[in-house]
Amino acid sequence: MKPQAVTEFYRRLRAQTPQPASELQYVNVYTLLVAVVLSAQATDIGVNKATGPLFARVDTPEKMLALGEAGLKNYIKTIGLFNAKAKNVIALSKILRDEHKSIVPRDREALQKLPGVGRKTANVVLNIAFGEPTIAVDTHIFRVGNRTGLAPGKTPLHVELKLEKKTPAEFKQHAHHWLILHGRYVCKARTPECWRCLVADLCAFKPKSPAPQSDEARRNKKAKIKKKAAAKKKSVKKKAARQNRAMPFIQYHKDGSLWAKGQTIGDILTGYWEWFRKDGTKLRSGTFKDGAQTGEWTTYDKKGRVYKITAMKPGLKSTGKAASLKKRS
Ligand code: SF4
């Protein structure tokens with residue numbers, strides 16, 4: 001994405017949410033850190049449900065250590081991977097108490113040394129708690145960065161470094177939130193809602209998702225398909241009826257005078273037949289019987305032009321040869 005488009009991209013997201021905030025609930029920097037650690041591979045809503053009662057009672061490393069791992073598990077057992085997360089929260093609380101005077105450090109390296117804290121968590125804490133212009137790349141931002149062409153990269157770190165490079169300074173502070181909100185509510189993983197996307201014209205994603213059909217449009221489409229199927233069924237029935245109908249069978253001599261007449265049902269000659277001489281007098285007549293006629297007949301139209309050649313098999317069914325010949329003069 002070109003720099004001008006990047007600026008416009010952020011400008012529109014900012015206009016929509018001028019003051020974005022984290023959807024994780026917390027009461028101070030320590031609880032923010034705990035909430036972010038708990039949110040790995042979990043939804044913010046699920047984490048908030050568990051941390052609401054927890055943070056009402058526990059808001060410092062000391063209180064967390066007093067609660068203990070088993071007590072903490074009771075609060076967070078609805079969150080995925082809660083056993084490992086409880087262990088990490090107790091361990092990081094101990095380090096904060098013993099090495100940082102129970103204060104969350106404003107330092108990426110120190111943060112990343114805490115159990116359960118990776119680069120993404122450190123970036124979130126630095127951004128939200130300390131106002132640093134970091135961009136934590138989670139699953140939403142990774143997807144949006146790649147899909148839109150804003151910051152394509154194979155790993156979250158690649159995407160983060162590209163975003164840092166491409167994001168204009170004026171947007172860096174809130175870029176993390178704008179991109180998360182956009183990925184979570186519009187540029188969704190399975191079906192991005194391109195039809196209502198603010199930045200659709202700037203986005204490189206080509207197979208843009210169309211708007212879902214209204215109930216009425218869906219009903220109309222169903223009715224149309226049903227109608228088409230009924231018409232097809234009718235035409236098949238008509239064709240079958242036509243093929244089963246007795247049709248006159250007439251042939252002419254080359255000079256256009258009547259040579260033979262009888263009747264057919266579909267491709268099969270059936271019923272009576274009469275042969276005539278060129279002067280119009282009857283030569284022979286009779287009825288067709290299975291196996292009674294074989295050989296090849298040349299048929300002429302009234303003007304004496306070759307109309308078709310019909311090869312008759314025993315059983316009086318014409319072969320494909322007749323069908324392959326076109327009417328010609
Ligand atoms: S147009 Fe579609 S793919 Fe592109 S950012 Fe918007 S929602 Fe995502």
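As the structure is a prediction and not an experimental result, all values here were calculated from the model.

**Here's the deal with the overall build of the protein**
- Tallying secondary structure elements over the protein gives twelve helices and six strands in all.
- Burial statistics for the protein: of 329 residues in total, 25% are counted as buried.
- For the protein, contacts bridging at least 24 residues in sequence account for 47% of all contacts bridging at least 6.

**A word on helix 10 (residues 169-185)**
- In this model, helix 10 (17 residues) spans 25 Å end to end at C-alpha, consistent with the 24 Å of a helix rising 1.5 Å per residue.
- Along helix 10, the sharpest kink reaches roughly 60°, centred on A175.
- When we look at burial in helix 10, the residues that qualify are H174, A175, H176, H177, W178, L179, I180, L181, H182 and G183.
- Residues of helix 10 that are buried make contact with helix 1 (3-16), helix 7 (119-130), helix 8 (139-148) and helix 9 (156-166).

**A word on the nonpolar core**
- In this structure, L33, L72, V89 and V125 are the most contacted members of the largest nonpolar core, which totals 54 residues.
- When residues of this core are assigned to their parent elements, the largest contribution, eight residues, is made by helix 2 (residues 29-38).

**Focus on the packing of helix 1 against helix 10**
- Where helix 1 meets helix 10, the axes come as close as 10 Å, and the angle between the chain directions of the two elements is 75°. As far as their axial angle goes, helix 10 and helix 1 are roughly perpendicular. Residues Y10, L13 and R14 of helix 1 touch helix 10, and the partners they reach there are F171, A175, W178 and H182.
- Class assignment of the residues belonging to the contact of helix 1 with helix 10 gives a composition of five nonpolar, one polar and one charged.

**Regarding unusual backbone geometry**
- In this structure, Q41 is a non-glycine residue whose phi angle is positive, near 55°.
- Within the secondary structure, Q41 sits in the loop between helix 2 and helix 3 (44-57).
- By C-beta crowding, Q41 is classed as exposed, having 9 other C-beta atoms within 10 Å.
- You will see that L81, though not glycine, has its phi angle at about 60°, which is positive.
- Relative to the helices and strands, L81 is located in the loop between helix 4 (61-76) and helix 5 (82-99).

**Considerations on the site of the ligand**
- Surrounding the ligand, one finds 13 residues, the nearest of these being C187, C194, C197, C203 and F205.
- Its residues assigned to classes, the shell around the ligand shows nine nonpolar, one polar and three charged.

**Comments concerning helix 5**
- Taking 1.5 Å per residue as the helical rise, helix 5 with its 18 residues ought to reach 26 Å, and the 25 Å between its terminal C-alpha atoms agrees with that figure.
- When helix 5 is considered as a whole, its buried residues turn out to be K85, A86, V89, I90, L92, S93 and L96.
- Contacts from the buried residues of helix 5 go to helix 2 and helix 4.
- K101 lies just past helix 5 and shows a positive phi near 55°.

**What about the packing of helix 2 against helix 7?**
- Remark: helix 2 packs on helix 7, axes separated minimally by 10 Å, with the N-to-C direction vectors making an angle of 145°. Where helix 2 crosses over helix 7, the handedness of that crossing is right-handed. In this structure, helix 2 contributes V29, L32, L33, V36 and V37 to the contact, and helix 7 contributes T121, V124, V125, I128 and A129.
- Here the contact of helix 2 with helix 7 is composed, by residue class, of nine nonpolar, one polar and no charged.

**Re the confidence of the model for the protein**
- Predicted confidence across the protein gives a mean pLDDT of 86, with 86% of residues reaching 70 or more.
- Within the protein, the lowest mean pLDDT, 37, falls on helix 12 (residues 320-324), and the highest, 96, falls on helix 2.
- In this model residues 313-329 is a low-confidence stretch, pLDDT under 50, and it forms 28 contacts with partners more than four residues away in sequence or in other chains.

**A word on the environment of P210**
- Residue placement: P210 occurs in the loop between helix 10 and helix 11 (215-243).
- Overall, P210 belongs to the exposed group, with 8 C-beta atoms counted inside 10 Å.
- Between the C-alpha atom of P210 and that of E193, which follows or precedes it by 17 residues, the distance is 7.9 Å.

**Observations regarding the environment of I180**
- Residue position: I180 is located in helix 10.
- Residue classification places I180 among the buried positions, given that 23 C-beta atoms sit within 10 Å.
- In the structure, I180 is positioned 42 residues away from D138 in sequence and 7.9 Å away in space, judged by C-alpha atoms.
- Not counting chain neighbours up to four residues away, the residues in contact with I180 comprise D138, H140 and I141.

Thresholds applied
- Residues numbered from 1 in each chain as written.
- Predicted model: local features only at pLDDT ≥ 70, side-chain atom pairs only at ≥ 80, totals over all residues.
- Helix = DSSP H or I, 4+ residues; strand = E, 2+ residues; numbered from the N terminus.
- Buried ≥ 20, exposed ≤ 12 C-beta atoms within 10 Å, placed from the backbone.
- Contact = placed C-beta atoms within 7 Å.
- Expected span 1.5 Å × (residues − 1).
- Bend = angle between axes of the 7 residues up to and from the residue.
- Core = buried A, V, L, I, M, F, W, Y, C linked by C-beta atoms within 7 Å.
- Axes fitted to C-alpha atoms, helices over the stretch in contact; angles between N-to-C directions.
- Parallel < 35°, antiparallel > 145°, perpendicular 65-115°, else oblique.
- Nonpolar A, V, L, I, M, F, W, Y, C, P; charged D, E, K, R; others polar.
- Near = placed C-beta within 6 Å.
- Left-handed = near helix turned anticlockwise from the far one by under 90°.
- pLDDT = per-residue confidence, 0-100.

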